[in-house]
Amino acid sequence: MDGVHDLGGMHNFGPVQLEADEPVFHADWERRALAIVLAAGTHGRWSIDRSRFIRESLPPTTYLNSSYYEIWVRALPPLLRESGLLAADDQDGEPEPPLAKDWVTTRAGLESGSPYDRAVDSPAAFAVGERVRTLVMHPPGHTRLPRYARGKVGQVVAVRGAHVFPDRNALPKPLADGRAEWLYTVRFSGPELFREHGDPTASVTIDAFEPYLRASS
């Protein structure tokens, strides 16, 4: 999805301001926001990819004028409504509440994580050292291929195994697809990405899924 969330390579946002000894949370409400969103996610009604897409779908002015955890909070009600945990605005009555989980169960789930690596039968299409070109694409849904790296030629520097493909996994249930695709780390030169403005001594690496790539001579 092309949106304001895809800030890589965009102009007029000024330099990145580094904060020395930056705390994990800048306010107590951020700590609570993280806890609430993670606790809601333990019910398994959506994937991390779906939650990312919902955050990306916030109106541009809302997204750009919200802090990191404000974006998380603003995207939670749409996730809750879509998953049936919160009644829709035009729905009569209240949804059936899910069975609450105690902290011991919730903590165990959070600590175990959600591994996204998978075993696949097909071999990797590309090997370390091969040149590849990324697709020029403008999908309506979630994707992990940033705009600034589309239609560019780079070199595979690592094969990372197969992982759940986020573009399909971000679809709403029951359309979400947990099938895996091979993942590669691809290096691009500064001039390849940013033409005459690119630093010839610099390079950028991104992790790119196999469906994003084609062989390049």
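Refer to the preceding data block for the structure.
Residues numbered from 1 in each chain as written. Predicted model: local features only at pLDDT ≥ 70, side-chain atom pairs only at ≥ 80, totals over all residues. Heavy atoms only, no water.

Is there a simple way to think about the side chain of E192 in this case?
Positionally, E192 belongs in helix α7 (residues 190-194). The class for E192 is buried, based on a relative accessible area of 18%. In contact with E192, other than residues within four places in its own chain, are G151, K152 and V153. (Helix = DSSP H or I, 4+ residues; strand = E, 2+ residues; numbered from the N terminus. Buried < 20%, exposed > 50% of the residue type's maximum accessible area, 1.4 Å probe, protein only. Contact = heavy atoms within 4.5 Å.)

Got a minute to help me understand the nonpolar core in this structure?
Inside soluble globular proteins, nonpolar side chains tend to come together where they are buried. Y184, V186, Y212 and L213 are the most contacted members of the largest nonpolar core, which has 18 residues in total. Taken together, the elements giving at least two residues each to this core come down to β4 (180-189) and β5 (203-209). Broken down by element, this core gets its largest block of residues, 5 residues, from β4. Non-local contacts of L213, meaning those with residues more than four positions away in its chain, are made with F126, V132, R133, T134, Y184, V186 and A208. If you look at the next biggest cluster of nonpolar residues, it comprises 16 residues, including M1, Y69, L79 and A170. (Core = buried A, V, L, I, M, F, W, Y, C linked by side-chain atoms within 4.5 Å.)

How do you make sense of the packing of helix α1 (residues 28-41) against helix α4 (residues 68-83) when you look at a structure like this?
When two helices pack together, you describe them by how their axes are tilted relative to each other and by the distance separating the axes. Packing of α1 against α4 leaves a shortest axis separation of 10 Å and a crossing angle of 30°. The angle between α1 and α4 places the two elements in the roughly parallel class. By crossing handedness, the relation of α1 to α4 is classed as left-handed. Contacts from W29, E30, A33, L34, I36, V37 and A40 in α1 reach Y69, E70, W72, V73, L76 and L80 in α4. (Axes fitted to C-alpha atoms, helices over the stretch in contact; angles between N-to-C directions. Parallel < 35°, antiparallel > 145°, perpendicular 65-115°, else oblique. Left-handed = near helix turned anticlockwise from the far one by under 90°.)

Explanation requested: the pairing of β4 in the structure shown.
When a strand is regular, its side chains alternate between the sheet's two faces. A large share of β4 lies buried, amounting to 8 of its 10 residues. Relative to β4, strand β3 (residues 153-164) is paired through 7 bridges, and the arrangement is antiparallel. Among the inter-strand pairings, V159 is bridged to a residue of β4, identified as Y184. Note that β4 and β5 share 7 bridges and pair antiparallel. Paired with Y184 across the strands is A208, a residue of β5. (Pairing = 2+ DSSP bridges.)

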